[in-house]
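Summary of structural features
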Amino acid sequence: MNPFLEKARPVDEDFMDWGKLRAKPYNKNEADPYTKTRIILMNGTEFEANWFSHQFHRNCSNNDLRRELAVSRRVEKQQQMRIASLKPLDETMLETTIAYEQLAVDLTAILAQREPDHYVEMTMQLALLEDFDHLYRYSDLLEMEMGVRAERLVGQYTEIMPGRPTISEHRHPLDSVRKPCNFKKAAPITKLNTAIITAAEQQTMNYYMNIANLYGSERGRELYQEIGMIEEQHVTQYGALLDTRCSWLENLLMHEYTECYLYYSCMMDECDPYIKKIWEQCFLQEVNQLHAAARLLEKYEKKSWQQVMPDAEFPELLTFSPQKDYIRQVLGDTVERTAKKEEFISIKELSKDADYYRYQSMVNPKPGAVASHKVIEEYITENGEDYRYQDGPHPVAALQSRTKDNTRVGRM
């Protein structure tokens, strides 16, 4: 499938009336967990496209071009609002959060395994274990406060147990900036992977940022606040991978191509017939927007789409499936890994005067007061041991205990 070779129509023929814009929500008790993750992924992808277009608009002085952007942006916004309306009213904030973290875990694992650039793969592995730990801590909070076991929500596709402890993830901002890719040399799958993971993590950051002060308990508010800060780190590191030498119009083309790829992948992977139809409709809309972006690139920069995407045939499609074995492997191999500037090293290799420890001393002066640690300790106090869903013993011996939360792994 090469979306540039598909037939297209004018973008302004895609505006929807209110009836089409209001989608029928899924049944939270019947929907496949990966249907929920696809919805979150595409919501975030549309948000990224919409806000990129807004930033382009604010940095462009040509009103003819800005009007073209405004038309596509309005359709993008309608797509985003339609997808967002698929979430049902009876799904709680914390239940939705479990789907967010399942997406972060399994999506990152899938992208990392198919990534040919080892540096990009290591960047994903670093955040993978951190999102995996977030899933565990939110799951304990969910069971403690609502009596809902997250293993049911994730469909037993994803294990729930400690990753790199959240308290260990707080690194100095200097250590969150990565090396940018060179898209002229990068494989097509790398361009897609970096764009996809940046949008997905940004969606999670935005979600936690906006709901942290709306949660119904103080310990929950604190947990969202802490993990929201880690998501900001993740967005910083993933955004740093994007090629900074691309022009605004080249970036616009890449955004539209990524959306075409994702909607086509969702359409081929979706098990819900109603939602599958939405993915198909969105794919056709994105083809129209992609062709419009290609015309703008030709008109204003005298470049063909082939110069930006010489190999535009879709690579391997994105298909969701359990990633338990890979995650266990990464846990066993890299749980002690951290970052020093652009590089990844073991925490044991850091000097005591490293920026990491300086930052830790400022944000975590009293480990016992850190929200992610408190949630687990409070759960253990109430229940005798933490809540987990795992297929076998934890692959890291130091994280096998269910009666004490380890705050030293990856940190000391």
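Residues numbered from 1 in each chain as written. Predicted model: local features only at pLDDT ≥ 70, side-chain atom pairs only at ≥ 80, totals over all residues. Heavy atoms only, no water.

**Focus on the overall build of the chain**
Stated formally: Segments assigned H or I by DSSP are reported as helices when at least four residues long, segments assigned E as strands when at least two residues long, and all are numbered from the N terminus. All radius of gyration figures rest on C-alpha atoms, and the globule criterion is 2.2 Å times the number of residues raised to 0.38. Under the scheme applied here, a residue whose accessible area is under 20% of the maximum for its type counts as buried, over 50% as exposed, and between as partly exposed, the area being computed with a 1.4 Å probe on protein chains only. Contact definition: two residues touch when any of their heavy atoms are within 4.5 Å. Only the protein chains shown count as covering a residue, and every accessible area follows the Shrake-Rupley method with a 1.4 Å probe. In this charge count, Lys and Arg are treated as positive and Asp and Glu as negative; neither His nor the chain ends contribute. In plain terms, the charge of a residue is placed at NZ if it is Lys, CZ if Arg, CG if Asp and CD if Glu.
Of the regular secondary structure elements, the chain holds 14 helices and 2 strands. Computed over its C-alpha atoms, the radius of gyration of the chain comes to 21 Å, within 12% of the 22 Å expected for a compact globule of 412 residues. Dimensions along the principal axes, computed over C-alpha positions, put the chain at roughly 65 × 45 × 35 Å. The proportion of buried residues among the 412 residues of the chain is 60%. Taking as baseline every contact in the chain between residues at least 6 positions apart, the subset at least 24 positions apart corresponds to 84%. As displayed, the chain has an accessible area near 17,300 Å², and 51% of this comes from carbon and sulfur atoms. Put simply, the chain has 51 plus and 65 minus side-chain charges, and the middle of one group is 3 Å from the middle of the other.

**Observations concerning helix H5 (residues 118-146)**
Heads up, the rule is: The span expected for a helix works out to 1.5 Å for each residue beyond the first.
With 29 residues, H5 should cover 42 Å at 1.5 Å per step; its first-to-last C-alpha distance of 41 Å lies within 8% of that length. Residue Gly147 follows H5 closely and has a positive phi angle near 70°.

**A look at the nonpolar core**
Rule in force here: For this analysis, a nonpolar core means a set of buried residues of the types Ala, Val, Leu, Ile, Met, Phe, Trp, Tyr and Cys, connected via side-chain atoms within 4.5 Å.
In terms of nonpolar packing, the biggest core is built from 111 residues, with Phe4, Leu41, Leu107, Leu253, Tyr257, Trp279 and Leu318 touching the most fellow members. With 15 residues, the top contributor of residues to this core is H5. The residues touching Leu107, leaving out its near neighbours within four places in the chain, are Leu41, Gln102, Ile196, Ile197, Ala200, Leu318 and Phe320. Counting 6 residues, the second largest nonpolar core, distinct from the first, contains Leu350, Ala354, Tyr356 and Tyr357.

**Some remarks on empty space enclosed by the protein**
Note the following rule: Grid points spaced at 1 Å over the protein atoms alone were grouped into cavities, where a 1.4 Å probe fits but cannot get out, and pockets, open sets with protein on both sides within 12 Å along at least five of seven lines, with lining residues defined by an atom within 4 Å of a point. Grid points are joined across faces, edges and corners, and a volume is the space filled by probe spheres set on the points. Here the nonpolar group is Ala, Val, Leu, Ile, Met, Phe, Trp, Tyr, Cys and Pro; Asp, Glu, Lys and Arg are the charged ones; every other residue, Gly included, is treated as polar.
Scanning all chains against the criterion turns up 3 cavities of 30 Å³ or more. Residue assignment for the lining of the largest cavity shows that the elements contributing at least two residues are helix H2 (33-58), helix H3 (63-84) and helix H9 (248-269). The dominant element in the lining of the largest cavity, judged by the number of residues it contributes, is H3, at 4 residues. Its residues placed into classes, the lining of the largest cavity shows 3 nonpolar, 2 polar and 3 charged.

**A few points about helix H4 (residues 93-114)**
For H4, spanning 22 residues, the distance from its first C-alpha to its last is 32 Å, which sits close to the expected 32 Å at 1.5 Å a residue. The buried count for H4 comes to 20 of 22 residues, which makes it a mostly enclosed element.

**What about the pairing of strand E2 (residues 343-346)?**
Each regular strand shows side chains that alternate between the opposite faces of the sheet. We apply this condition: Strand pairing is defined by DSSP finding a minimum of two bridges between the two strands.
As paired elements, strand E1 (residues 337-340) and E2 share 4 bridges and run antiparallel to each other. Bridge assignment links Arg337 to a residue of E2, and that residue is Ser346. The turn linking E1 back onto E2 is made up of 2 residues, and Lys341 within it adopts a positive phi angle of 55°.

**Some remarks on the layout of surface pockets**
If you add up the space inside the largest pocket, you get close to 480 Å³. As for the largest pocket, its lining consists of 24 residues, of which Glu48, Phe52, Leu242, Asn251 and His255 are closest to the centre. Counting only elements with at least two residues in the lining of the largest pocket, the list comes to H2, helix H7 (188-211) and H9. Of all the elements, H9 adds the most residues to the lining of the largest pocket, at 7 residues. For the lining of the largest pocket, the residue count by class is 12 nonpolar, 9 polar and 3 charged. When its volume is computed, the second largest pocket comes out at roughly 350 Å³. Forming the walls of the second largest pocket are 19 residues, and the residues nearest its centre are His170, Glu226, Met229, Tyr359 and Val363.

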